[in-house]
Amino acid sequence: ALDRHQRRARVGHQHPHLRLARPELPMLVVTLVDPARFQGDAAVMRDALTAVGVHPEPVDALDLNALFDDVDLVVDGLFGTGLTRPLDGAARALVHAVNARSVPAVAALDLPTGLDADTGAALGEPDDVLRATLTCTFAALKPGLLTGLGRAVCGELRVIPLGAPLPWSRFAVSTWRSARQPAPP
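Quick notes on the rules
- Residues numbered from 1 in each chain as written.
- Predicted model: local features only at pLDDT ≥ 70, side-chain atom pairs only at ≥ 80, totals over all residues.
- Heavy atoms only, no water.
- Helix = DSSP H or I, 4+ residues; strand = E, 2+ residues; numbered from the N terminus.
- Contact = heavy atoms within 4.5 Å.
- Areas by Shrake-Rupley, 256 points an atom, 1.4 Å probe, with all protein chains shown as cover.
- 1 Å grid on protein atoms, 1.4 Å probe; cavity = no way out; pocket = protein on both sides within 12 Å on 5 of 7 lines; lining within 4 Å.
- Points joined across faces, edges and corners; volume = space filled by probe spheres on them.
- Nonpolar A, V, L, I, M, F, W, Y, C, P; charged D, E, K, R; others polar.
- Pairing = 2+ DSSP bridges.
- Axes fitted to C-alpha atoms, helices over the stretch in contact; angles between N-to-C directions.
- pLDDT = per-residue confidence, 0-100.
- Expected span 1.5 Å × (residues − 1).
- Buried < 20%, exposed > 50% of the residue type's maximum accessible area, 1.4 Å probe, protein only.
- Arc of directions from axis to C-beta.
- Core = buried A, V, L, I, M, F, W, Y, C linked by side-chain atoms within 4.5 Å.
- Polar contact = N/O pair within 3.5 Å; in protein donor to acceptor, adjacent residues only side chain to side chain.

Caption draft 1: Examining the overall build of the protein more closely. A tally of regular secondary structure across the protein gives eight helices and six strands. Helices and strands appear in the protein in the N-to-C order α-α-β-α-β-α-β-α-β-β-α-α-β-α. Partitioning the intrachain contacts of the protein with sequence separation of at least 6 by distance along the chain shows that 68% fall at a separation of at least 24. As displayed, the protein offers around 10,900 Å² of accessible surface, 56% of which is attributable to carbon and sulfur atoms.

Laid out in structure tokens, this is it:
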């Protein structure tokens, strides 16, 4: 069963499928490191993107002041739920550049970059958290999406079950909430 869920998750994250579905749409994939250094799954995705005419660009090679001026959609997948440190360097600059523009749609994958998945606090300054209009979180809601700054920066929330039944994700959230409640006297 896990193999089936992993295959489903992998297909859902493959940007080349977007390109094949709508080849007339211009697409830019921005990376934090030089794509030539990618290994493993990242190299496979780089090659798949390149095969459909999308060439990932390192953020250092781009002019962030103009990058998002004419953009209709930004998909945020910089970091996952395991990020525990404040953003710095190119990642911080990228988040600030997106937040400074009037991009019509900003979709965060799992949670907005810079947000603590457990607490909903900024992993640094509040301005270092990406402001999404839609957050698609996988398997279950994360507590940080419902608390603290999370409520203000997630936009619309959607749970993508990845094969886990939705009642399970509701159970996970209700269990987390009850664990946070003070014990009765």
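Caption draft 2: Main features of empty space enclosed by the protein. Counted under the stated rule, the structure contains one cavity of 30 Å³ or more. Lining of the largest cavity is provided by F79, G80, T81, L83, L111, P112, T113, G114, L115, A117 and L123. By residue class, the composition of the lining of the largest cavity is seven nonpolar, four polar and no charged.

Caption draft 3: Quick look at the sheet that holds strand 4 (residues 105-109). Strand order in the open sheet formed by four strands is 3-4-5-6, with parallel pairing between adjacent strands. Whereas interior strands pair on both sides, the edge strands pair on one side only; in this sheet they are strand 3 (73-76) and strand 6 (156-160). Each strand axis lies, on average, 20 degrees off the axis of its neighbour in the sheet, ignoring direction. Alignment of strand 5 (residues 134-138) against strand 6, held across five bridges, turns out to be parallel. Within strand 6, the residue paired with C136 across the bridge is R158.

Caption draft 4: View of the confidence of the model for the protein. Per-residue confidence for the protein gives a mean pLDDT of 80, with 76% of residues at or over 70. Per-element mean pLDDT across the protein ranges from 36 in helix 1 (residues 2-12) up to 95 in helix 7 (residues 150-153). Confidence over residues 1-15 falls short of pLDDT 50; this stretch has 13 contacts with residues more than four positions distant or in other chains. Scored below 50 in pLDDT, residues 175-185 makes five contacts in the model with residues more than four places away or belonging to other chains.

Caption draft 5: Structural context of helix 5 (residues 89-100). For helix 5, built from twelve residues, the straight-helix expectation of 16 Å at 1.5 Å per residue is met to within 8% by its first-to-last C-alpha distance of 17 Å. Those residues of helix 5 that sit buried are A91, L94, V95, A97 and V98. Taken down its axis, helix 5 places every buried residue within 160 degrees of arc, on the same side. Across from the buried face of helix 5, at angles greater than 90 degrees, the exposed residues are G89 and A100.

Caption draft 6: Region of interest: unusual backbone geometry. For D110, which is not glycine, the phi dihedral falls at a positive 75 degrees. Structurally, D110 is set in the loop between strand 4 and strand 5. Relative accessible area serves as the criterion here: at 14%, D110 is assigned to the buried category.

Caption draft 7: Looking closely at the nonpolar core. Formed by 18 residues in total, the largest nonpolar core has its most connected members in L64, F68, V74, V98 and V106. The set of elements that each furnish at least two residues to this core consists of helix 4 (64-67), helix 5 and strand 4. If we skip the residues at most four places from it in the chain, V106 touches V74, V98, L130, R131, A132, T133 and L134. Counting residues in each nonpolar core, the second largest holds seven residues, with A117, V129, L145 and C154 among its members.

Caption draft 8: Fine view of the side chain of T31. Here T31 lies in strand 1 (residues 30-31). Overall, T31 belongs to the buried group, its relative accessible area being 9%. Not counting chain neighbours up to four residues away, the residues in contact with T31 comprise F38, P56, E57, P58 and V59.

Caption draft 9: Quick look at the side chain of D116. When you line up the elements, D116 lands in the loop between strand 4 and strand 5. Relative accessible area serves as the criterion here: at 18%, D116 is assigned to the buried category. Among the polar contacts listed, one links the side chain of D116 to the backbone nitrogen of T119, at a separation of 2.9 Å. Apart from residues no more than four positions distant in its own chain, D116 is found in contact with L111, A121, L123 and G144.

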